[in-house]
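# Summary of structural features
Residue-level listing of the chains:
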Amino acid sequence: MGVECYICNYKQNKLKIAGVVLFLMIISCRFSATGQDVEGSMIYISRIISNPAFTGASPTGDIRLIYRDFYPGNDFNIGSLYFSYDSFIKRIHGGAGLYVQENRMGNILNDLRAGVTYSYHLRAGRDLYVNAGFMASVIHRNIDVSQIVFSDQIDPFLGVVLPTNEVIDFSSRSLFDAGIGFLVIYKDYHAGLSVNHLAKPDLTGSGTSGSKLQRRFTFHASGIFKIDGSDLSLTPLADINLQNRFLWGSAGIVTGYKLFNISAIMHYSEAEGINSLQAGLFVESGRIGVGYNYYFNPFVFSKQVPLQQSNTVTIIIGLNFVEKRGDTKAINYPKL
């Protein structure tokens, strides 16, 4: 009986140590040169948080609900929840929006972000339109230090019962952040540029460059091609991000037929090459659209790295149709 209890405690202790290792990996990845924002691979899914110039560019005032998990089935508890609403408002000659996003990074770290966006819409020519957007946000980073377990706290028989000699100097913080973006629309094509984290918020308070959320520069482009005499459409898309000297992006195509849209997107990075494939289905009926995207890496040859990377579920609800009267132009977004 004593041996069985020892084995049981040993297994539990291994899980606790694994949790600490995961925490350290998250911290390292988040603040290293290869750190990425969650929305960096969701340009056309999250939209206004990626580029505030998207605000009000939809033909309807949209509510967007997004759920995304990371490495499902491994009990890492890493995921993201996102809510936004934006609409064109004629009185301000542009779009206004708001968003709330929660990023869970294990049981220890939790980021809650909330912000507002504005985009001014300008007709620069017969078929040429330019949007200029601004975003102001508050980031609250919560750290649950009670979930951090160090090796000197573990008794081989009783488990995590000992006090630690380690100094835990992490604390929760609330910070201001901002972003800007531009969007050029010509007929059924558009391209945009945005700069996020202008304030470079220091999420840990240590004052080092590694603790600051570095500015992310994003360029994206897309267009829709409709096949004459049919309900078939093709929407190629591409984006590229640069953050703290780390380069990554994606390219792919969305094929639409009536209510259904099927997407195939390749994600790549300067350091790893092709690191993820994304397959998606989007169904739209009336004012409601539902999308699902599956991220996986078929090029993984290590048992330590999961094949399945992420699942994303998106729900879009169009609350109101916007009358723009030719002063501005709505975008045919890639439906993801």
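Residues numbered from 1 in each chain as written. Predicted model: local features only at pLDDT ≥ 70, side-chain atom pairs only at ≥ 80, totals over all residues. Heavy atoms only, no water.

## Let's talk about the confidence of the model for the protein chain
- Model confidence for the protein chain is summarised by a mean pLDDT of 83, while 79% of its residues fall at 70 or above.
- Every residue in residues 1-35 is under pLDDT 50, and counting partners more than four places away or in other chains gives 48 contacts. (pLDDT = per-residue confidence, 0-100. Contact = heavy atoms within 4.5 Å.)

## Focus: the nonpolar core
- Residues Tyr44, Phe54, Ile331 and Leu336 are the most contacted members of the largest nonpolar core, which totals 26 residues.
- Breaking this core down by element, the ones donating at least two residues are α2 (43-46), β1 (60-70), β2 (78-89), β5 (128-143) and β8 (173-186).
- Top contributing element to this core by residue count: α2, with 3 residues.
- Setting aside anything within four residues of it in sequence, one finds Tyr44 in contact with Phe54, Arg64, His190, His220, Ala221, Ser222, Leu237, Tyr333, Pro334 and Leu336. (Core = buried A, V, L, I, M, F, W, Y, C linked by side-chain atoms within 4.5 Å. Buried < 20%, exposed > 50% of the residue type's maximum accessible area, 1.4 Å probe, protein only. Helix = DSSP H or I, 4+ residues; strand = E, 2+ residues; numbered from the N terminus.)

## Side note on the layout of surface pockets
- Of the volumes computed, that of the second largest pocket is approximately 310 Å³.
- The wall of the second largest pocket is formed by 20 residues, among which Ser58, Pro59, Thr60, Asp62 and Glu284 lie closest to the centre.
- When contributions to the lining of the second largest pocket are tallied by element, the ones reaching two or more residues are β1, β15 (273-285), β16 (288-296) and β17 (308-321).
- Sort the elements by how many residues they give to the lining of the second largest pocket and β17 lands first, with 3 residues.
- When the residues that make up the lining of the second largest pocket are grouped by side-chain class, the tally is 9 nonpolar, 6 polar and 5 charged. (1 Å grid on protein atoms, 1.4 Å probe; cavity = no way out; pocket = protein on both sides within 12 Å on 5 of 7 lines; lining within 4 Å. Points joined across faces, edges and corners; volume = space filled by probe spheres on them. Nonpolar A, V, L, I, M, F, W, Y, C, P; charged D, E, K, R; others polar.)

## Section: the packing of aromatic side chains
- Tallying each qualifying case throughout the model produces 7 aromatic pairs.
- Arranged with centres 5.3 Å apart and planes meeting at 20°, the rings of Tyr294 and Phe296 form a pair that is stacked.
- Looking at Phe296, the relative accessible area reads 22%, which means it is partly exposed.
- Taking the ring centre of Tyr333 as reference, the NZ or CZ of Arg47 above it sits at 3.5 Å.
- When the ring centre of Tyr295 is taken as reference, the NZ or CZ atom of Arg68 above it lies at 4.1 Å. (Phe/Tyr/Trp six-rings, centres within 6.5 Å; stacked < 30°, edge-to-face > 60°. Lys NZ or Arg CZ within 6 Å of the ring centre and 35° of its normal.)

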